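A look at the structure
Here are the chains, one letter per residue:
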Amino acid sequence: MKPWLMLSPLLIALLSTSAHAHGIWLLPSSTVLSAPQFVTFDAAVSNDIFHFNHRPLPVDQLKIVAPDRSLLAPENVAKGELRTTFDANLKQTGTYKLQIVRSGLRARWKEGSEAKRFMGDAEKLRQQLPANATDVEVNESASRIETYVTVGTPSEPPLDQKGLEMRSETHPNDLVAGEQITLQFLVDGKPAAGVQIEVVRGESRYRNDPEPLKLTSGADGRVRLALERAGMYWLDADITDNKVSDKLAKERSLAYTVTLEVLPK
Amino acid sequence: MLRKVLLGLSTALFSANLMAAEMQIRIDIPAMSVAEYHRPYVAVWIEKPDESIARHVAVWYDQAAAENKGTKWLKDLRLWWRKGGRELQMPMDGMSSATRQVGQHQLRVDDATLRSLASGEYRLVVEAAREKGGREFVKIPFRLPVSVAAQRQQKGSEELGMIQLSLQP
């Protein structure tokens, strides 16, 4: 079997960085809380934002970072056919950050006249890529899926300074319909210009036009926007550069998605 | 006799000058014809023109609930929560108390509190959020220091009845 065929559609979705790929998301039941409590989450891969109608999103790489930077383990993790669900017992005051970070290499080459494709890590690629391979094309992908929940006073969530990240100048749990929101996109911890951003309000299945809001980050990595309607929003950001972590790769595709809740004024 | 009257008059004038400024707030919690009624959570505060909180006045919530569980719904007072409620520890002496029944309720902001605020424009804000009901806020502008006695009022549309603000210099 070709390595490509052994990959689950999930891995492809996770590693794919095209804005046209399936949407990947973590959906919290609440984002702003005034007392410690459980919050439940859906994790899925689907075309329609926050409508679980395709595949569950595996959460084995999920990290829940507590306000004090410790890691919180998810509880009651259940993988269904259409979504994964889990709970988190939020006991601290401040902002919890949930993230799934994935990275890998995508490759294609020819062995004689036969075309080969690959998705996985560098070590595996070196094992599988024969010396006589021709037309070798290797790209690196890194994706990050996030959401935030705050108990009490919001705190500044930490950054990994790796790959494409968002630094929320307007706190991600402090978004109100109609008010200006400033976000900053960073690549490896530095402000990144030219990041392509798409923002889609949830429940897109109830309208003919998903009404995506398209933006590009400026020289300082910032975008300013106002979301006129309250609701759950899905933000997707993409950029490609040549800062590869492995010499085999030519290009690096970075993707970032976050679920944000905008409350009514 | 005349002397007595004059003395009385001057005492009245004198005490008027010394009288402390005061703000009286009257909040009307309207009756609702609903199958399941819960008393609303209410927050009252004084805000600056930039909408930041100058002074918390009161918050009425389910303070008696076991294990402080009533705080779970404080976030529904969305505006208050975001502007500063989330930075407070509940219950708070002299500020927080139990929810109130339908009817009129009085609150008072004393001279010392009013004097502690810089001269300028302010707004009194009253926000109400009701379990299985709606949420609403009313804002009434006023100026400090209070120079003349004044009364302002504004009516809520659903969750709040008439809100009355009386200012005494």
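Keep in mind that what you see is a predicted model, and the values were worked out from it rather than measured. (Residues numbered from 1 in each chain as written. Chains lettered and ligands numbered in written order. Predicted model: local features only at pLDDT ≥ 70, side-chain atom pairs only at ≥ 80, totals over all residues. Heavy atoms only, no water.)

1. Looking at the overall build of chain A
The test is simple: What counts as a helix is a DSSP run of H or I of at least four residues, what counts as a strand is a run of E of at least two, and both are numbered from the N terminus. The globule rule used here is 2.2 Å times the number of residues to the 0.38 power, and the radius of gyration it is set against is calculated over C-alpha atoms. Categorising residues by exposure relies on relative accessible area from a 1.4 Å probe, with only protein chains included: less than 20% of the type maximum marks a residue as buried, more than 50% marks it as exposed, and the intermediate range marks it as partly exposed.
In terms of helices and strands, chain A carries three helices and 19 strands. Relative to the compact-globule value of 18 Å for 265 residues, chain A shows a C-alpha radius of gyration of 19 Å, a close match. Summarising its shape, the C-alpha atoms of chain A cover approximately 65 × 45 × 40 Å along the three principal directions. Here chain A holds 265 residues, and 52% of them are scored as buried.

2. Considering the overall build of chain B
Our working definition: Here the accessible surface of atoms and residues is derived via Shrake-Rupley with a 1.4 Å probe, and residues count as covered only by protein chains that are part of the display.
Along chain B, the regular secondary structure elements total three helices and nine strands. Starting at the N terminus and walking to the C terminus, you meet the elements of chain B as α-β-β-β-α-β-β-α-β-β-β-β. Here chain B holds 169 residues, and 41% of them are scored as buried. Accessible surface computed for chain B: about 9500 Å², of which carbon and sulfur atoms make up 52%.

3. Focus: the sheet that holds strand 2 (residues 41-47) of chain B
All names here are of chain B. Let me state the cut-off plainly: Between any two strands, at least two bridges found by DSSP are needed for them to pair.
Pairing within the open sheet is mixed, and its five strands lie in the order 4-3-2-6-7. Each edge of the open sheet carries a strand with a single partner, namely strand 4 (96-97) and strand 7 (135-144). Across two bridges, the pairing between strand 3 (residues 53-60) and strand 4 is parallel. Each residue of the ladder has a partner; that of Trp 60, found in strand 4, is Ser 97.

4. Remarks on the interface of chain B and chain A
Threshold: We call two residues contacting when some pair of their heavy atoms lies within 4.5 Å. The term buried area refers to how much accessible surface (probe radius 1.4 Å) is lost by two components on association, counted for both of them together. Any Lys or Arg side-chain nitrogen found within 4 Å of a carboxyl oxygen on Asp or Glu counts as a salt bridge. Under this definition, polar contacts are N or O atom pairs within 3.5 Å; protein pairs additionally need one hydrogen-donor-capable and one acceptor-capable atom, and for neighbouring residues in sequence, both atoms have to be side-chain atoms.
Listed as interface residues are 13 residues of chain B and, on the opposing side, 15 residues of chain A. Interface area, chain B with chain A, both sides summed: about 1200 Å², of which 48% is carbon and sulfur. Area buried by chain B at its contact with chain A is led by B:Arg78, B:Arg82 and B:Arg86, which between them contribute 46% of it. At the junction of chain B and chain A, the tally comes to four salt bridges. Put simply, A:Lys265 and B:Glu51 hold a salt bridge, and the shortest N to O gap is 3.8 Å. Between chain B and chain A we count 10 residue pairs in polar contact (both at pLDDT 80 or more) in total. Among the elements of the structure, helix 2 (78-83) and strand 7 of chain B are those that each provide at least two residues to the side of chain B that touches chain A. In terms of residues, the side of chain B that touches chain A owes the most to one element, helix 2 of chain B, which gives three residues.

5. Side note on the sheet that holds strand 5 (residues 103-109) of chain B
Residues and elements named next belong to chain B. Condition: Between N-to-C directions, angles span 0 to 180 degrees; the directions come from axes that are lines fitted to C-alpha atoms, helices contributing only their stretch in contact.
The sheet built from four strands is open, its strands ordered 5-1-9-8 with antiparallel pairing. Edge positions in the sheet fall to strand 5 and strand 8 (150-155), since each of these pairs with one other strand and no more. Strand-to-strand twist across the sheet, computed as the mean angle between neighbouring axes with direction ignored, equals 15°. Sheet topology places strand 8 next to strand 9 (residues 162-168); six bridges connect them, and they run antiparallel.

6. Some remarks on the confidence of the model for chain B
Short version of the rule: Confidence of the predictor at the level of single residues is given by pLDDT, which spans 0 to 100.
On average, chain B scores 91 in pLDDT, and the residues at 70 or more come to 89%. Segment residues 5-17 of chain B is flagged for pLDDT under 50; beyond a separation of four residues in sequence, or across chains, it makes zero contacts in the model.

7. Side note on the packing of aromatic side chains
All names here are of chain A. We apply this condition: Planes of paired rings set the category: under 30 degrees apart is stacked, over 60 is edge-to-face and the rest tilted, where pairs are Phe, Tyr or Trp rings (Trp by its six-membered ring) whose centres lie within 6.5 Å. Ring-over charges, as used throughout, are those where CZ of Arg or NZ of Lys falls within 6 Å of the ring centre and within 35 degrees of the ring normal.
Summed over the entire model, instances satisfying the criterion amount to seven aromatic pairs over all chains. When the centroid spacing of 6.4 Å and the interplanar angle of 40° are considered together, the rings of Trp 25 and Phe 52 count as tilted. Within this pair, whereas Trp 25 is found in strand 1 (residues 23-28), its partner Phe 52 is found in the loop between strand 3 (37-46) and strand 4 (55-56), the two being separated by 27 residues in sequence. Given a relative accessible area of 0%, Trp 25 falls into the buried group. Residue class for Phe 52 comes out partly exposed when judged on its relative accessible area of 28%. When the ring of Phe 41 is compared with that of Phe 86, the centres are 5.0 Å apart and the planes differ by 10°; the resulting orientation is stacked. Placement of the pair is Phe 41 in strand 3 and Phe 86 in strand 8 (residues 84-90), with a sequence separation of 45 residues. Each member of the pair, Phe 41 together with Phe 86, is buried. Clustering of aromatic rings is evident, with ring pairs tying together Trp 25, Phe 50 and Phe 52. Cation over ring: Arg 83 sits above Phe 52, and NZ or CZ is 4.2 Å from the ring centre.

8. Here we look at unusual backbone geometry
The linkage connecting B:Met90 with the following residue, B:Pro91, adopts the cis geometry, with an omega of -5°. Tracing the backbone shows B:Pro91 in the loop between helix 2 and strand 4. Each neighbour pair has its own omega, and for B:Leu144 with B:Pro145 the value is 0°, a cis peptide bond. For B:Pro145, the location among the structural elements is in the loop between strand 7 and strand 8. At A:Phe50, a residue that is not glycine, the phi angle is positive and equals roughly 65°. The residue A:Phe50 is located in the loop between strand 3 and strand 4 in this model. Despite not being glycine, B:Lys132 has its phi angle at roughly 60°, a positive value. Note on placement: B:Lys132 falls in the loop between strand 6 (120-129) and strand 7.

9. Regarding the side chain of A:Glu140
Residue and element names in this part refer to chain A. How we decide: Here the positive residues are Lys and Arg and the negative ones are Asp and Glu; neither His nor the chain ends is included.
Checked against the element boundaries, Glu 140 lands in strand 11 (residues 134-151). Buried charge Glu 140 goes without a salt bridge, the closest partner of opposite sign being Arg 252 at 5.1 Å. At 2.6 Å, the side chain of Glu 140 forms a polar contact with the backbone nitrogen of Ser 245. Residues contacting Glu 140, with those up to four places away along its chain left out, are Gly 104, Leu 105, Val 244, Ser 245, Asp 246, Ala 249, Glu 251, Arg 252 and Ser 253.

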